Amino acid sequence: MRISKKKFIYLISPNKVYPHFYQDLKKVLKTGKVSLFQLRLKKYSFKQKIIIGKKINQICKKNGVKFLVNDDPILSKKLNADGCHLGQKDMSLSEARKIVGNKIIGVTCHNSIKLAKVAIKEKASYIAFGAFFSTTTKKVEFKASSKILNKVKKLTKTPVVAIGGINFNNYKKLLLNNANLLAISGYVWNNKKYKPLETIEKLK
């Protein structure tokens, strides 16, 4: 998986699809800064995710953004998405590969080089580490530091994703420490000060 340096954002959906979400998403993706978009909706049914996912997939395709589904390779296949993201408690990468075929499969590695080595061996499309900063999007069980980004870069050319509490004040530090992509959610969708488009425009 090749990543352009200009497209360093891996955007994750809000926890809830709000009325202007699709308009906001179109504006954000048109900036050309987003490489990947992940559908992550924990409180919606499979049927609802299909309806929402189809709309998002169309917007992603129009803007040259890869569309991924969190946790669920079956939903990913059903939506004809570009791939899926797996947590450590989800299906194994080899099982997911049987379902989605030769698509993007990323793996959460928390703060562990050991987990990263397993994911690299299984040919993960990217490996994700975090949380680097405190976040309200999900409960933080694992803390990661920029040291792990530099360690993993010596091991592999597999793209590295940084997750957790990333915003305008801290994003550059992660890019300077070898993160290829920054997974961002709350900073964009729950920002009290700026609209989603403005939050993305601030990340240069």
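Look up a bit, the structure's there.
Residues numbered from 1 in each chain as written. Predicted model: local features only at pLDDT ≥ 70, side-chain atom pairs only at ≥ 80, totals over all residues. Heavy atoms only, no water.

Digging into the sheet that holds strand 8 (residues 181–184)
Piece 1. The strand order around the closed barrel formed by eight strands is 1-2-3-4-5-6-7-8, and the pairing between neighbours is parallel. On average, each strand axis in the sheet is tilted by 25 degrees relative to the strand beside it, whichever way the strands run.
Piece 2. Across four bridges, strand 4 (residues 83–86) lies against strand 5 (residues 104–108) in parallel orientation. Looking across to strand 5, one finds that Cys-84 is bridged to Ile-105.
Piece 3. Lying over the sheet, helix 2 (residues 46–62) contacts strand 2 (34–39) and strand 3 (66–70), oriented at roughly 175 degrees with respect to strand 2.
Piece 4. Taken strand by strand, helix 4 (residues 93–100) contacts strand 4 and strand 5, and its axis lies near 155 degrees from that of strand 5. (Pairing = 2+ DSSP bridges. Helix = DSSP H or I, 4+ residues; strand = E, 2+ residues; numbered from the N terminus. Axes fitted to C-alpha atoms, helices over the stretch in contact; angles between N-to-C directions. Contact = heavy atoms within 4.5 Å.)

Considering the pairing of strand 7 (residues 160–163)
Piece 1. Pairing of strand 6 (residues 126–130) with strand 7 involves four bridges; the strand directions are parallel. Across the sheet, Ile-127 pairs through a bridge with Val-160, a residue of strand 7.
Piece 2. Bridge analysis of strand 7 against strand 8 gives three bridges, and the strand direction is parallel. Along strand 8, the bridge assignment pairs Ile-163 with Ala-183.
Piece 3. A crossover connection joins strand 7 to the parallel strand 8 through helix 7 (residues 171–176); in handedness this β-α-β unit is right-handed. (Right-handed = clockwise from strand over helix to strand, strands pointing away.)

Topic: the packing of aromatic side chains
Piece 1. With the rule as written, the count across this model stands at seven aromatic pairs.
Piece 2. With a centroid separation of 5.5 Å and 85 degrees between ring planes, the pair formed by Tyr-10 and Tyr-126 is classed as edge-to-face. Taken as a pair, Tyr-10 in strand 1 (residues 9–12) and Tyr-126 in strand 6 lie far apart in primary sequence, 116 residues in all.
Piece 3. A relative accessible area of 1% means that Tyr-10 is categorised as buried.
Piece 4. For Tyr-126, a relative accessible area of 0% gives the class buried.
Piece 5. Ring pairing ties together the aromatic residues Tyr-18, Phe-21, Tyr-22 and Trp-189, which thus form one cluster. (Phe/Tyr/Trp six-rings, centres within 6.5 Å; stacked < 30°, edge-to-face > 60°. Buried < 20%, exposed > 50% of the residue type's maximum accessible area, 1.4 Å probe, protein only.)

Some words on the layout of surface pockets
A probe matching the size of a water molecule, rolled over the atoms, marks out where space remains unfilled.
Piece 1. The space that makes up the second largest pocket amounts to roughly 220 Å³.
Piece 2. Taken together, Ile-3, Ser-4, Lys-5, Phe-8, Leu-175, Asn-178, Ala-179 and Asn-180 form the lining of the second largest pocket.
Piece 3. Split into classes, the residues belonging to the lining of the second largest pocket amount to four nonpolar, three polar and one charged. (1 Å grid on protein atoms, 1.4 Å probe; cavity = no way out; pocket = protein on both sides within 12 Å on 5 of 7 lines; lining within 4 Å. Points joined across faces, edges and corners; volume = space filled by probe spheres on them. Nonpolar A, V, L, I, M, F, W, Y, C, P; charged D, E, K, R; others polar.)

Considerations on unusual backbone geometry
Of all residues except glycine, most have a negative phi; of all peptide bonds, most are trans.
Piece 1. Of the consecutive residues Gly-130 and Ala-131, the connecting peptide bond is found in the cis state with omega at 10 degrees.
Piece 2. When you line up the elements, Ala-131 lands in the loop between strand 6 and helix 6 (146–155).
Piece 3. Unusually for a residue other than glycine, Asp-71 sits at a positive phi of about 70 degrees.
Piece 4. With respect to the element layout, Asp-71 can be found in the loop between strand 3 and helix 3 (73–78).
Piece 5. Look at His-110: it is not a glycine, yet its phi comes out positive at around 55 degrees.
Piece 6. Tracing the chain through its elements places His-110 in the loop between strand 5 and helix 5 (113–121).
Piece 7. Judged by relative accessible area, which is 18%, His-110 ranks as buried.

Purely geometric numbers; function is a separate question.
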